[in-house]
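Here are the chains, one letter per residue:
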Amino acid sequence: MNIHFDEKNLLADMVGKANGLSRSEIERSQGKALKALKSFRRQSDEGRYGFPHLPFQTGAIQAIGRYADEARGSFDTVCVVGIGGSALGAWALDCGVRGPHPVQGAFTTEHPRLVILDNVDPSFTEAALASMDPRRTLVAVIAKSGGTAETVATFLIVRDWLEQAIGRPKAARQILAVTTEGKGDLFALSQAEGYRVFGIPENVGGRFSVLSPAGLLPAALIGIDIRKLARGARRMTHLCWQPDAGENIALRMALCHWLIWTRKAKSIQVAFPYSNHLWGTAFWFRQLWAESLGKARNRAGEEVHTGQTPVAALGTTDQHSQVQLYIEGPNDKVFTFWAVAKFSSAGKIPKRRFNLGAFDALAGRSLAELIDAERRATAAALVENGRPNCTITLDRVDEEHLGAFLQMMEFQTAFMGELLDIDAFDQEGVELGKRFTYGLMGRAGFEKYRRQFTAYEKKRKAL
Ligand code: PA5
């Protein structure tokens with residue numbers, strides 16, 4: 001497992017004092033980083049936060065692996081019904097290991113297709129159902145809370161679709177529930193209907209659950225080697241507990257990002273993978289960073305309204321749509337390039353002579369060379385314009401590196417939460433919208449929110 005972090009382009013020597021950090025500034029903050037590490041370690045050891053422990057829960061990982069081995073051969077589609085942290089991890093893993101959807105290999109019962117029903121767009125849901133054969137589809141309904149409106153609504157449609165096609169008893173055997181054991185409506189329904197349940201530990205929040213059954217079950221069902229994922233994540237976890245920020249990449253990244261954000265006012269972070277395989281992971285990261293760090297209050301209860309806005313951009317594609325803004329627009333961003341050292345193929349460009357400048361320069365080279373040159377060129381252009389950036393390099397995108405990378409990003413987020421002195425693991429801010437929705441949909445117990453919403457509408461009408 002080989003992952004590097006290069007922070008040189010965050011330094012004042014490269015981007016100037018107004019936008020960059022001095023080495024001594026980083027050095028002076030090491031004590032704060034160590035304090036953040038110790039504080040998070042204590043809370044993790046106390047069992048308050050569970051994600052660091054997930055890759056070591058070999059019993060649960062083996063049980064998922066065994067189930068997937070038994071199911072293999074009978075289904076050509078795995079349909080995930082879930083949203084947010086209950087969908088993005090599965091997408092990141094699918095996209096990471098098997099590639100972006102339009103170019104994935106042929107789907108077979110050995111390597112089923114993954115269909116994720118996260119949004120409640122009715123046309124999307126209808127089209128997705130029409131594309132699947134209910135006799136050959138395994139459904140995984142995933143909800144930590146067991147009561148998320150989008151997941152419940154879509155699941156009711158999918159369940160009906162299955163039952164009508166293959167009958168209730170068979171459908172129950174083709175439905176798996178991933179939720180908190182012993183709690184919530186989805187667990188209760190699973191007990192009543194006889195669905196097999198895979199538990200998400202209570203101390204693992206949605207956006208930190210990719211290495212729990214929420215991500216591992218769909219991954220194993222579509223043929224991803226989850227043992228290798230866990231192995232990479234275990235190795236990374238050991239590194240993430242190292243007190244020396246030289247060895248501990250997650251801690252060093254958290255510290256550098258914290259400094260550049262809070263001292264140089266870079267309130268936007270652009271996650272810039274130069275790999276289509278990492279595109280799903282960029283969206284997974286966007287949720288992790290936004291929901292964990294966007295907070296109204298610190299732990300002391302003071303109003304802070306903190307948060308760094310994460311943006312996902314794809315290299316090289318978005319060089320042709322975003323980089324103009326990044327270079328010449330407001331200098332309020334820090335860029336994190338995600339580079340891949342070895343692609344599965346070099347993408348050799350045929351050697352031909354045309355006596356035409358652009359063609360002759362590229363003939364005989366490779367796409368791997370070009371994508372690398374474009375990333376380094378963009379980093380340099382950003383530096384020339386005083387725009388701080390840094391680079392994480394993964395040796396390659398395989399199960400082991402992906403497991404390590406996801407775990408590293410979760411640790412980075414947890415350390416950042418400590419540095420900001422906020423609770424990175426709650427998400428009170430999204431609750432009001434959810435309550436309004438239930439009020440509008442007439443759920444019992446949510447009448448107060450319906451009334452509050454009606455008052456809001458009245459105010460709008462008066463304008
Ligand atoms: O990170 C979180 O906790 C949230 O984004 C959840 O993942 C999301 O709201 C879905 O929740 P649930 O898994 O309970 O359906």
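Starting from 1, residues in each chain are numbered consecutively following that chain's sequence as written. Confidence filtering applies because this is a predicted model: local features only for residues at pLDDT of at least 70, side-chain atom pairs given and counted only at 80 or more, and all residues used for totals across whole chains, interfaces and linings. Where side-chain values are given, they derive from all heavy atoms of the structure, hydrogens and water being excluded.

Can you walk me through the sheet that holds strand S1 (residues 3-6) in this structure?
Strands pair in a sheet through their backbones, by hydrogen bonds, and they do so in one of two ways: parallel or antiparallel. Taking strand neighbours across the sheet as the criterion, the 5 strands line up as S1-S12-S11-S7-S10 in an open arrangement whose pairing is mixed. If you trace the sheet from one side to the other, it starts and ends with S1 and strand S10 (309-312), each paired once. Each neighbouring strand pair of the sheet contributes to a mean axis angle of 20 degrees, computed without reference to strand direction. Strand pairing requires that DSSP identify at least two bridges connecting the strands. Strands here are runs of E lasting at least two residues and helices are runs of H or I lasting at least four, both read from the DSSP assignment and numbered beginning at the N terminus. In this sheet, strand S12 (residues 389-394) lies alongside S1 in antiparallel orientation, the contact comprising 4 bridges. The residue bridging Asp6 from the neighbouring strand is Thr391, located in S12. Any two residues whose heavy atoms approach within 4.5 Å at even a single point are treated as in contact. Interaxial angles span 0 to 180 degrees and are taken between N-to-C directions of axes, which are lines fitted to C-alpha atoms, for helices over the stretch in contact. Strand contacts of helix H13 (residues 279-293): strand S7 (268-273), S10 and strand S11 (333-340), with the helix running at about 170 degrees to S10, the strand carrying the most contacts. Set on the sheet, helix H17 (residues 399-420) makes contact with S1, S11 and S12; between it and S12 the angle comes to about 145 degrees.

Quick question: what am I supposed to make of the site of the ligand here?
One heavy atom within 4 Å of a molecule or strand is enough for the residue carrying it to be called near that molecule or strand. Taken together, the neighbourhood of the ligand is formed by 14 residues, with Ser86, Lys144, Ser145, Thr148 and Gln287 sitting nearest. At 2.9 Å from an oxygen atom of the ligand is found a main-chain nitrogen or oxygen belonging to Gly85. Throughout this description, a polar contact denotes any pair of N or O atoms lying within 3.5 Å of each other; where both atoms belong to protein, one of them has to be capable of donating a hydrogen while the other can accept it, and for residues adjacent in sequence the pair is counted only when both atoms sit in side chains. The separation between an oxygen atom of the ligand and a polar main-chain atom of Gly206 is 3.5 Å.

Quick question: what am I supposed to make of the pattern of salt bridges here?
If charged atoms from side chains of opposite charge come close, those side chains can pair. When a carboxyl oxygen of Asp or Glu is within 4 Å of a side-chain nitrogen of Lys or Arg, the pair counts as a salt bridge. Applying the stated criterion to the full structure yields 29 salt bridges. For Arg168, the salt bridge identified is with Glu163, shortest N-O distance 3.6 Å. Burial status follows relative accessibility: with a 1.4 Å probe on protein chains alone, a residue under 20% of its type maximum counts as buried, one over 50% as exposed, and anything between as partly exposed. According to the relative accessible area criterion, Glu163 is buried, its value standing at 16%. A salt bridge links Glu418 to Arg299, with the shortest nitrogen-to-oxygen separation between them at 3.0 Å. Taken together, the residues Glu418 in helix H17 and Arg299 in the loop between strand S8 (295-297) and strand S9 (303-306) connect sequence positions 119 residues apart. Among the residues examined, Arg299 registers a relative accessible area of 35% and is labelled partly exposed. A single network of salt bridges, built from pairs that share partners, joins Arg159, Glu163, Arg168 and Glu193.

Hey, could you run me through the packing of helix H4 (residues 58-71) against helix H11 (residues 226-240) in this one?
Relative placement of two packed helices is described by the angle separating their axes and the distance separating the axes. In contact at an axis separation of 10 Å, H4 and H11 are set at 160 degrees when each is read in the N-to-C sense. Between H4 and H11, the angle falls in the class roughly antiparallel. Handedness of the crossing formed by H4 with H11: right-handed. Of the residues in H11, those touching H4 at Thr58, Ile61, Ile64, Gly65, Arg66 and Asp69 are Ile226, Arg227, Ala230 and Arg234. Orientation is classified from the angle alone, with under 35 degrees giving roughly parallel, over 145 giving roughly antiparallel, 65 to 115 giving roughly perpendicular, and any other angle giving oblique. Helix crossings get a hand from a simple test, with the near helix turned counterclockwise from the far one by less than a right angle marking a left-handed crossing and a clockwise turn marking a right-handed one.

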